[in-house]
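# Observations on chain architecture
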Number of protein chains: 2
Amino acid sequence: MARVRKTVTIRDVAEDAGVSLQTVSRVVNGGPNVRPQLRDKVRASIDRLGYVPSLAAQRMSGSRSYIILAINDRERTLADWRARLGTDWVDQMLLGGILTCSQHGYRMMVELVDTHSDHVERELGAALSALQPDGVILTPPHSENRLITQLLAERNIPFARIGSNAPGPGIPLTMGDESAAHLATSRLIELGHRRIAMIAGPSQYSLSGWRIDGWKRALDEAGLPHDGLLEVGDFGYASGTRAARALLDRHADLTAIIGSSDQMTLAALEVARDRGLAVPHDLSLISFDNTPIVRFSQPPLTAVDQPIAETVSRAVEQLIARGPDGDDDAVIEVPAGLVERSSTAPPPVEAPAQAHAHAPGRA
Amino acid sequence: MARVRKTVTIRDVAEDAGVSLQTVSRVVNGGPNVRPQLRDKVRASIDRLGYVPSLAAQRMSGSRSYIILAINDRERTLADWRARLGTDWVDQMLLGGILTCSQHGYRMMVELVDTHSDHVERELGAALSALQPDGVILTPPHSENRLITQLLAERNIPFARIGSNAPGPGIPLTMGDESAAHLATSRLIELGHRRIAMIAGPSQYSLSGWRIDGWKRALDEAGLPHDGLLEVGDFGYASGTRAARALLDRHADLTAIIGSSDQMTLAALEVARDRGLAVPHDLSLISFDNTPIVRFSQPPLTAVDQPIAETVSRAVEQLIARGPDGDDDAVIEVPAGLVERSSTAPPPVEAPAQAHAHAPGRA
DNA sequence: ACAAGTCTTGAGAACGCTCTCAAGATGCGC
DNA sequence: GCGCATCTTGAGAGCGTTCTCAAGACTTGT
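Owing to the predicted nature of the structure, the values given are computational and were not obtained by experimental measurement. (Residues numbered from 1 in each chain as written. Chains lettered and ligands numbered in written order. Predicted model: local features only at pLDDT ≥ 70, side-chain atom pairs only at ≥ 80, totals over all residues. Heavy atoms only, no water.)

## Looking at the sheet that holds strand β1 (residues 67-73) of chain A
Residues and elements named next belong to chain A. Test applied: Strands are labelled as partners when DSSP assigns at least two bridges between them. By the criteria applied, helices consist of DSSP H or I runs no shorter than four residues and strands consist of E runs no shorter than two, each listed in order from the N terminus. Contact between two residues is taken to exist if any of their heavy atoms lie within 4.5 Å; hydrogens are not considered. For every element, the axis is a line fit to its C-alpha atoms; helices are fit only across the contacting stretch, and the angle between N-to-C directions ranges from 0 to 180 degrees.
Strand order in the open sheet formed by 6 strands is β2-β1-β3-β4-β5-β11, and the pairing between neighbours is parallel. Edge positions in the open sheet fall to β2 (107-113) and β11 (332-333), since each of these has one partner strand only. Against the sheet, helix α7 (residues 120-131) contacts β1, β2 and β3 (135-138), and its axis sits at roughly 155° relative to β2.

## Let's talk about the packing of aromatic side chains
The description of two aromatic rings rests on the distance between their centres and on the angle between their planes. Residue and element names in this part refer to chain B. Selection criterion: Pairing of aromatic rings covers Phe, Tyr and Trp, the last counted by its six-membered ring, and requires centre-to-centre distances within 6.5 Å; plane angles under 30 degrees mean stacked, over 60 mean edge-to-face, and any other angle means tilted. With a 1.4 Å probe rolled over the protein chains alone, any residue whose accessible area is under 20% of its type maximum counts as buried; one over 50% counts as exposed, and the rest are partly exposed.
Counted according to the given criterion, the structure contains 6 aromatic pairs over all chains. Seen from their ring centres, Tyr66 and Tyr106 are 5.1 Å apart, and the 65° between their planes marks the pair as edge-to-face. Pair noted here: Tyr66 is in the loop between α4 (55-60) and β1 (67-73) and Tyr106 is in the loop between α6 (89-103) and β2 (107-113), with a separation of 40 residues, a long-range link. On the basis of relative accessibility, which here comes to 24%, the residue Tyr66 falls in the partly exposed class.

## Regarding the pairing of strand β4 (residues 159-162) of chain B
All names here are of chain B. Side chains Phe159 and Arg161 of β4 all project onto a buried face; the interleaved residues Ala160 and Ile162 project onto the opposite face, where all are buried too. Here β4 pairs with strand β5 (residues 171-174) via 3 bridges, running parallel. Residue pairing in the sheet places Ile162 in a bridge with Leu173 of β5.

## Observations concerning the protein's contact with DNA strand D
Condition: When we say a residue is near a molecule or strand, we mean one of its heavy atoms is within 4 Å of it. Between N or O atoms, a polar contact is any pair within 3.5 Å; within protein, one atom must be a potential hydrogen donor and the other a potential acceptor, and residues adjacent in sequence are included only when both atoms are from side chains. Residues were grouped as follows: Ala, Val, Leu, Ile, Met, Phe, Trp, Tyr, Cys and Pro as nonpolar; Asp, Glu, Lys and Arg as charged; and all remaining residues, including Gly, as polar.
As a matter of local geometry, DNA strand D sits amid 26 residues, with Ile10, Gln22, Ser25 and Tyr51 of chain A together with Thr23 of chain B nearest to it. Sugar plus phosphate, as a fraction of atoms of DNA strand D within 4 Å of the protein: 63%. In the environment of DNA strand D, a phosphate oxygen lies 2.6 Å from a nitrogen or oxygen atom belonging to the side chain of Thr23 of chain B. At a separation of 3.2 Å, a phosphate oxygen of DNA strand D approaches a polar side-chain atom of Asn33 of chain B. Breaking the surface near DNA strand D down by element, the ones donating at least two residues are α2 (21-28) and α4 (55-60) of chain A together with α2 (21-28) of chain B. Looking at the surface near DNA strand D, its residues break down into 11 nonpolar, 12 polar and 3 charged.

## Some points on the interface of chain B and chain A
For the record, the criterion: Once two parts are joined, some of their accessible surface, as seen by a 1.4 Å probe, is lost; buried area is that loss totalled over both. Between Lys or Arg on one side and Asp or Glu on the other, a salt bridge is scored when a side-chain nitrogen of the former is within 4 Å of a carboxyl oxygen of the latter.
Between chain B and chain A, the residue contacts involve 61 residues of the former and 61 residues of the latter. At the boundary of chain B with chain A, total buried surface from both sides reaches about 5,400 Å², with 66% on carbon and sulfur atoms. At the boundary of chain B with chain A, the tally comes to 2 salt bridges. For Glu111 of chain B, the salt bridge is made with Arg107 of chain A, and the minimal N-O distance between the two is 2.3 Å. Viewed at the interface, chain A and chain B are joined by 8 residue pairs in polar contact (both at pLDDT 80 or more). Secondary-structure elements contributing two or more residues to the side of chain B that touches chain A are α4, α5 (78-84), α6, β2, α7 (120-131), α8 (146-155), α12 (262-274) and α13 (308-322) of chain B.

## Points about the domain arrangement of chain A
To keep things clear, this is the line we draw: Start and end positions for the domains come from either an automated domain assignment or a database one.
By the assigned domains, chain A splits into domain 1 (10-53), domain 2 (67-175 + 309-323) and domain 3 (177-305). Its C-alpha centre places domain 1 of chain A at a distance of 36 Å from the equivalent point of domain 2 of chain A.

## Quick look at the side chain of Arg161 of chain A
Residue and element names in this part refer to chain A. Tracing the chain through its elements places Arg161 in strand β4 (residues 159-162). Engagement of the side chain of Arg161 in a polar contact is seen with the side chain of Ser164, the distance being 3.0 Å. Residues within four places of Arg161 in sequence aside, it is in contact with Leu138, Ser143, Thr149, Ala166, Pro167, Gly168, Pro169, Gly170, Ile171, Pro172 and Leu173.

## Considerations on the sheet that holds strand β6 (residues 196-200) of chain B
Residue and element names in this part refer to chain B. If you walk across this open sheet you meet the 6 strands as β7-β6-β8-β9-β10-β12, and the pairing is mixed. Every interior strand has two partners, whereas the edge strands, β7 (230-232) and β12 (337-339), have only one. Strand-to-strand twist across the sheet, computed as the mean angle between neighbouring axes with direction ignored, equals 20°.

## Considering the nonpolar core
Let me state the cut-off plainly: Nonpolar cores are built from buried Ala, Val, Leu, Ile, Met, Phe, Trp, Tyr and Cys residues. Side-chain atoms within 4.5 Å join them into one set.
Judged by nonpolar contacts, the single largest core of 146 residues is most densely connected at Ile137 and Ile258 of chain A together with Ile137 and Ile258 of chain B. Residues within four places of Ile137 of chain A in sequence aside, it is in contact with Ile68, Leu69, Ala70, Ile71, Met108, Ala160, Ile162, Val312, Ala315, Val316 and Leu319 of chain A.

## What to know about the relation of the copies chain B and chain A
Applied cut-off: The fit set for superposing copies consists of C-alpha atoms from residues with pLDDT of at least 70 in both; the fit itself is least squares.
When chain B is brought onto chain A, the operation consists of a screw motion whose angular component is 180° and whose axial shift is 0.0 Å, with 0.1 Å RMSD remaining. Here the transformation between the copies is reduced to the relation of a two-fold axis.

## Some words on the packing of helix α6 (residues 89-103) of chain A against α6 of chain B
What counts here: Roughly parallel covers angles under 35 degrees, roughly antiparallel covers those over 145, roughly perpendicular covers 65 to 115, and oblique covers all other angles.
At their nearest, the axes of α6 of chain A and α6 of chain B sit 10 Å apart, and the two run at 95° to each other. Here α6 of chain A lies roughly perpendicular to α6 of chain B, going by the angle between them. On α6 of chain B, the residues touching Val90, Asp91, Leu94, Leu95 and Ile98 of chain A of α6 of chain A are Val90, Asp91, Leu94, Leu95 and Ile98 of chain B. Tallied by class, the residues present in the contact of α6 of chain A with α6 of chain B amount to 8 nonpolar, no polar and 2 charged.

## Some thoughts on the packing of α6 of chain A against helix α13 (residues 308-322) of chain A
All names here are of chain A. So the rule is basically this: We call a crossing left-handed when the near helix sits turned anticlockwise from the far one by less than a right angle, and right-handed when that turn is clockwise.
Running from N to C, α6 and α13 point in directions that differ by 40°, and their axes come no closer than 8 Å. With respect to α13, the axis of α6 lies oblique. α13 is crossed by α6, and the crossing has right-handed handedness. When α6 is examined against α13, the residues Trp89, Gln92, Met93, Gly96, Gly97, Thr100 and Cys101 are found in contact with a partner set consisting of Ile308, Ala309, Val312, Ser313, Val316 and Glu317.

Now the structure itself:
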C-alpha cells in the first residue's frame, strides 16, 4: 500500500559518488585522509540524497551512542508529577540537559528508576544495557546513592554527580550551597535582622547540611544565636507549614526565615498570612531554588537562584568532552545567586510604641 | 587499565543455556513455539547473566526502535527556557510523555527543531533518519504545520497531532477547548456576570478559535453581548497586560475576564491590582491551562485545567498501539475541567451606594 | 631515477540482533 | 504402524555502520 520510502544508507551515497563505503564514512566523520576533491564530491552526494547516518548502526559498530541518560525516580503517577511541576528540579534539569545535548549532537533520555528499593541495580542495569549511554547524570539524592554510583563505575560509564562533592568516581558538581546560604543570611543581617531561622531540607541530602553550615557561619560571624532556630523539613509544602509554625510558636521575636525549598518557603508565607504577619514588614522570607512559582506569589519571594539548568548543562558538556576516561575529580562549582524580590525588608522596629508604616494585615 | 566489562550478548546466553541464538531471541520476545522446559532454562540463563537486549541491535535488525519523538521549538536559550518554565506546555508534555513511554518499555526523546524557518524539513528529516522513531508527537502550533505533517506522512511514521482536529494523516487529539470555554463563561454568567471579556490566543492556533467559539456561544445563549469584549494576545505576559488594559479602558462595566493562558491572566491580575480593582470582588478572572504557577498567585486563579500531560499520555498510547498502520482518524478528545479557586465571585452590586464588603485595595 | 616513506582508498570482518527457511521431532488419523 | 501436518529448533543471511589491514598512488631524499 503505502510507498515504503527506503532509507538512504551509506551504501547509496557510496554508489552515487562512485566511491567505497569506507570513504563515505570517513567524510561523514571528518576523517583525516581524504583528497579534498573527493571529499567535496561525496559531500555533494550526501546533500543530494539527504543522507544521515543511523544512530543505531553507528552504535552497533562500536562508536558512541550519543545518548546521555538522566536518572529519575519512578513511583510517581501523572497526578503526582503534575502537582510537583514548576516546583521541582525535574523540569529545569530536563530543559538544561535537552538543550545542551541538542547543541552537541547528543540526545538526552530520562530513565525512570525505582530508586528506593534494591531494584535499582536491576532496573538501572537494564537501562544501561539497552541504551548504552555515553554518560549518565545523577541529581540529588541519587548522586550519593552507593548502589547507583558503584554500578556506574563498574560498568565504566562516565557520570556526573550533581549536588555531591565527595571524592570517588564520577564528576562532582555543586551549586555553592554553603556560600549561597551564607549570602542569604548575611543579607538579612545587613538589613538588621537578629533572629534568623532556617527550615532545612532532609539530612540525606548533602546540600541540606551545606546550607545549614552557611547559615550558621554567617550567624556566628555576626555573633548571633542559632539555637532553636533550625527546623528540618522534607522540601514539601506540608513540612514547611509544620516547621514555620513551630518556629513562630517558639520565637516571638523571629523576624526572618530562610526556607530550603520554594515549597517550604511558600508554606511559611501562608503561615505568616494566617497569623496576621505581613511579609516582608513583620517577617522576611528568603527561599531556595527560585523555581518559577515564586515570581508569582504575593509578595514575590526573594530567593537563592539554584542554577540547576546551568549545572546540568555543564555536566553534559563534561560528559561529552571527557569521553570514556575521566579521573579528574575536581569539584565543579556553579555558583548560585540571590534574586531580591519583595519578601525581604528591614525588621520591624522593636519598641511597641512605634507604629508600623501600615496596618498589620488581616487578623 | 579499567577492567572493561564485556556486555552480555544474546550469544552468551545461548552458550550458557546450550541453545541457539534464535531460541534465545524467541524467548526474549515471547515467541510462540518454544517448549516450556527449554524456555525456563533460557530464562534462567538470562536472569543469571543479566542479559538485556541492546536497543541499537534490535533496531538494526528491523525491529522497532522503541523511541517516541516529541518535536519542540529550538531557538530558545537556557534563559528563555527558564523564564517559561512552569508556564509552558513543554514540561507538562515531557512528563506525561516520559512516564507513559516508560510504562510501555518505550523512551521519549525531545527533538529541538527550528520550526519557523524552512530548515524544518532538513532538521526534522535528519532527526528522523538518525533516530528512526516509532512515533512522533506534535503539539500546537506544530500540529498544524504542513511542512511537518507532510514530511511525517511521506515517511510513513505514525504521529499524533495535539490540538488539531483537521482530517488528514496523523492522530488528532484535542482538549475540548470549545466546551471548556463555554463552561467557564457559563459559570461566570451563573454567578451573575453580564460583561465577560476574553483575552484570546493568537489566531494561528486552532484552539484559540475554539475557545472564542465557546465563549461566544455561552454569551449568545444568555443573550449577552460580546462586541468589543475580545482582545487577542500571544499567550505571553506582556500581551496580557496590554489586552487587559485595553479591555478595562474600553468597558467601565466589565466584571469578568477569561484569559487564554495563565501568563495572560496573571498579567490581567496585575493590571487589576494596579487599578485598585479587587479580585474577585470587583473583577473575576478565569485562566486557561492551569499550570502550577496559578495555584500560588494571590488570589489563586480559577482555571480551566488543560489536561496536557494526560493528552500526551493518550497520544503515546495510541502511537504504540497502532504501530505502522493507522488510518483511523476519529478525533480523540480529552476533556478539560474547571478548577475553581478564589479569583471568581459574583460581580459587585451595581448601585454605587452599596459599599463593598471590604476596602477596594490599594490605590 | 630508485628506495623508502606517507597519503589515499578499498575490501572484508565485526557489532548484536531478528528474519527466513529448512530440518528434525512430535503428534494425529486411519 | 505409516504418512501427513504441526511444533520445535537451528543455520545463515542481513540490517548500516566503523574498524583493521593491506594495496596502490604519490612524495621525498639522494
